[in-house]
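# Structural features, examined
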Amino acid sequence: MRNVWRENNHFMLLPEASRFLPAMFEAVNNAQHYVLVELYLMESGELADQVSEALINAAQRGVCVCLLLDGYGAMELSSDDRQRLEQGGVQLRFFNPIGFQSLARNLSRDHRKIVVIDGELAFTGGFGAVDEFLNAWYEIALRIEGPVVADWERLFRRLWRSRLTGVEKGHRNTSPLPEQREPPTHANGVPGRVMSARGYRYQAIRHSLHERVNHAQTRLWLCTPYFVPTFALRRRLIRAARRGIDVRLLLPGAKHDHPSVRFAGQRFYHALLKAGVRIFEFQPTFIHAKFVLADEWVSIGSCNFDHWNLHWNLEANQEVCDPQLATEVHELFERNFAASQEVDAAAWAARPWGQRAKEWLYGMLDAIMTRLK
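So, here is what we can say about the structure in this document. (Residues numbered from 1 in each chain as written. Predicted model: local features only at pLDDT ≥ 70, side-chain atom pairs only at ≥ 80, totals over all residues. Heavy atoms only, no water.)

### Details of the overall build of the protein
For clarity, the cut-off: Secondary structure counts use DSSP, requiring at least four H or I residues in a row for a helix and at least two E residues in a row for a strand, with both numbered from the N terminus. Computation of the radius of gyration draws on C-alpha atoms, with the globule rule given as 2.2 Å multiplied by the number of residues to the power 0.38. Note on exposure labels: buried denotes an accessible area under 20% of the residue type's maximum, exposed denotes more than 50%, and partly exposed covers the range between, all computed with a 1.4 Å probe on protein chains only. Whether two residues are in contact is decided by their heavy atoms: any pair within 4.5 Å suffices. Residue exposure ignores everything except the shown protein chains as possible cover, and the areas themselves are Shrake-Rupley values with a 1.4 Å probe. Positive charge is attributed to Lys and Arg, negative charge to Asp and Glu, and no charge count is given to His or to the chain ends. To locate a charge, take atom NZ for lysine, CZ for arginine, CG for aspartate or CD for glutamate.
Within the protein, the secondary structure is distributed over 14 helices and 18 strands. For 373 residues, the compact-globule formula gives about 21 Å, and the C-alpha radius of gyration of the protein, at 20 Å, lands near that figure. By its C-alpha atoms, the protein is 60 × 50 × 35 Å across when sized along the principal axes. Residues classed as buried in the protein amount to 58% of the 373 residues present. For the protein, the proportion of contacts with a sequence separation of at least 24, taken over those separated by at least 6, is 81%. Just so you have it, the protein exposes about 16000 Å², and 51% of that area is on carbon and sulfur atoms. Put simply, the protein has 45 plus and 42 minus side-chain charges, and the middle of one group is 9 Å from the middle of the other.

### A word on empty space enclosed by the protein
The cut-off we apply is this: Points on a 1 Å grid over protein atoms alone make up a cavity when a 1.4 Å probe fits among them but cannot get out, and a pocket when they form an open set with protein on both sides within 12 Å along at least five of seven lines; lining residues each have an atom within 4 Å of a point. Grid points are joined across faces, edges and corners, and a volume is the space filled by probe spheres set on the points. The classification used treats Ala, Val, Leu, Ile, Met, Phe, Trp, Tyr, Cys and Pro as nonpolar, Asp, Glu, Lys and Arg as charged, and all other residues, Gly among them, as polar.
Scanning the model with the defined rule gives four cavities of 30 Å³ or more in all. Quantified by volume, the largest cavity comes out at close to 190 Å³. Met24, Phe25, Val37, Val51 and Val115 are, among the 15 residues lining the largest cavity, the residues nearest its centre. Of all the secondary-structure elements, those providing two or more residues to the lining of the largest cavity are α1 (17–29), β2 (34–39) and α2 (46–60). For the lining of the largest cavity, a count of residues per class yields 14 nonpolar, one polar and no charged. Size it by volume and the second largest cavity reaches roughly 60 Å³. As for the second largest cavity, its lining consists of Pro225, Tyr226, Phe227, Leu251, Pro252, His256, Val261, Arg262, Gly265 and Tyr269. Elements represented by at least two residues in the lining of the second largest cavity include exactly β12 (246–252) and α9 (259–266).

### Regarding the packing of α1 against α2
To describe two helices that pack against each other, one gives the angle between their axes and the distance between the axes. Our working rule: Angles here are taken between N-to-C directions and fall from 0 to 180 degrees, while the axes themselves are lines fitted to C-alpha atoms, restricted in helices to the stretch in contact. Angle categories: roughly parallel below 35 degrees, roughly antiparallel above 145, roughly perpendicular from 65 to 115, and oblique for all the rest.
The N-to-C vectors of α1 and α2 enclose an angle of 20 degrees; their axes lie 9 Å apart at closest approach. Judged by the angle between their axes, α1 and α2 are roughly parallel. Here Leu21, Phe25, Val28 and Asn29 of α1 lie close against α2, whose contacting residues are Leu47, Gln50, Val51, Ala54, Leu55 and Ala58. Broken down by class, the residue content of the contact of α1 with α2 amounts to eight nonpolar, two polar and no charged.

### Things to note about the environment of serine 299
Examined against the element boundaries, serine 299 turns out to sit in strand β16 (residues 297–301). For serine 299 and glutamine 318, which are 19 residues apart along the polypeptide, the C-alpha to C-alpha distance reads 5.6 Å. In this structure, serine 299 is in contact with Lys290, Phe291, Val292, Asn317, Gln318 and Glu319, ignoring residues within four places of it in sequence.

### Quick notes on the packing of aromatic side chains
Our working definition: Stacked, tilted and edge-to-face are the three classes assigned to paired rings of Phe, Tyr and Trp, where Trp is represented by its six-membered ring and a pair needs centres within 6.5 Å; plane angles under 30 degrees give stacked, over 60 edge-to-face, the rest tilted.
Using the criterion set out here, one finds 13 aromatic pairs in the structure. Between tyrosine 226 and phenylalanine 286, the aromatic rings sit 6.0 Å apart at their centres with planes inclined by 50 degrees, giving tilted as the arrangement. Here tyrosine 226 is found in the loop between β11 (219–223) and α8 (231–242), whereas its partner phenylalanine 286 is found in strand β14 (residues 286–287), with 60 residues between them in sequence. Neither tyrosine 226 nor phenylalanine 286 differs from the other in exposure class; each is buried.

### Some words on the side chain of arginine 112
Test applied: Definition of a polar contact: a pair of N or O atoms within 3.5 Å, with one able to donate and the other able to accept a hydrogen when the atoms are protein atoms, and with sequence-neighbouring residues admitted only if both atoms are side-chain atoms.
For arginine 112, the position within the fold is in the loop between α4 (103–107) and β5 (114–117). In terms of polar contacts, arginine 112 uses its side chain to reach the side chain of glutamate 38, at 2.7 Å.

### Some thoughts on the pattern of salt bridges
The condition is simple: A carboxyl oxygen of Asp or Glu within 4 Å of a side-chain nitrogen of Lys or Arg is what we treat as a salt bridge.
Using the criterion set out here, one finds 15 salt bridges in the structure. Notably, a salt bridge pairs aspartate 70 with arginine 109, separated by 3.0 Å at the nearest N-O pair. Of this pair, aspartate 70 sits in strand β3 (residues 64–70) while arginine 109 sits in the loop between α4 and β5, placing them 39 residues apart in sequence. Here aspartate 70 matches arginine 109 in class, with each residue buried. Note that aspartate 110 is salt-bridged to arginine 112, the shortest N-O span being 3.8 Å. The class of aspartate 110 is buried, set by a relative accessible area of 0%. Through salt bridges with shared partners, one network takes in Arg6, Asp151 and Arg154.

### Focus on unusual backbone geometry
Even without glycine at this site, aspartate 118 takes up a positive phi of about 55 degrees. Mapped onto the elements of the fold, aspartate 118 is located in the loop between β5 and β6 (121–125). Backbone geometry at phenylalanine 305 places phi at a positive 60 degrees, although glycine is not the residue there. By secondary structure assignment, the location of phenylalanine 305 is in the loop between β16 and α11 (307–312). Since its relative accessible area comes to 5%, phenylalanine 305 is described here as buried.

### Let's talk about the pairing of β12
We apply this condition: At least two DSSP bridges between two strands are needed for those strands to be called paired. By convention, orient the strands away from the viewer: a clockwise path from the first strand over the helix to the second makes the crossover right-handed.
Among the seven residues of β12, six are classified as buried, and the element is accordingly described as predominantly covered. Pairing analysis gives five bridges linking β11 to β12, with the strands arranged parallel. Residue arginine 219 lies in a different strand from β12, and its bridge partner there is aspartate 246. Handedness of the crossover joining β11 and β12 through α8 is recorded here as right-handed. Sheet analysis places β12 next to strand β13 (residues 278–282), joined by five bridges and oriented parallel. Paired with arginine 248 across the strands is arginine 278, a residue of β13.

Spatial relationships are all this shows, so hold off on functional conclusions.
This is the structure in structure tokens:
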């Protein structure tokens, strides 16, 4: 798919599950033709039950409902819940189930988050159908209308038909997808484009971010839950800060679902702080959101911008150039910075040896894993 800018779109920022979950459920409940959902994480629990109920209700009133889950990310979705979905009329497929194939193939995961309703409305972000999103993890989403919705739908349809995606043995709910509907345009809308990545073979998301970092004029603010950046991105962030750009990172604090990843990323703090990059560690909960603001350019989606995601995963982000959305994202960053602890350069330089040892240990493990790719 060509990564082209499309005009006349409308975007709505939905910070926190208390806003984006009701918006998604309302959209599914109002669907008339089809509902296409692609997720990395879905685990049996309260939120998975809510999602399943909404999808089944849509299917039972005649809407075509297709649910595409990653074969690894959905391993904790019970067989009873899978059966319930299929018996309720939901078409269920899994991307690249874990098997006895090559290690490289098992490591390739579908990390995208896509919801498309009737070809007219889409959502993306970092969300999944696991209970942590109800109250334990901070997340955001983007509601999308306009011509760019068709690009999100094409991403879904292409993967749905992929040889790596299929139904499980004994499951036969495989009706063809309905014909794709063209989304309406929005007068006085704004430009946007879908950027995707397919592991090391195709990394348009990374190249786009690098370009924005290189050409930022005033600010470059980045939020990511798993900060283990490539050398190329670290170098660009440092260069941007040294030329006077306001470079800030919004990262998780001690409430992290993978503390080892946090320690591995912290080994880069010193060089970044020395160059003038400001680092904020979010305190209230684990922040799982992935969004970037560069001047008036915004990128929101599934990509963590760490070397592991970029090398192995299918990813997709929505890019928008719009002063109004940029202002909203700026205000969102500011609220989250206020709820964070800024890392002081002098205090970090004097951090205890125990902290340094963790950085070294998990940094070495990360370096070894990187060389195995």
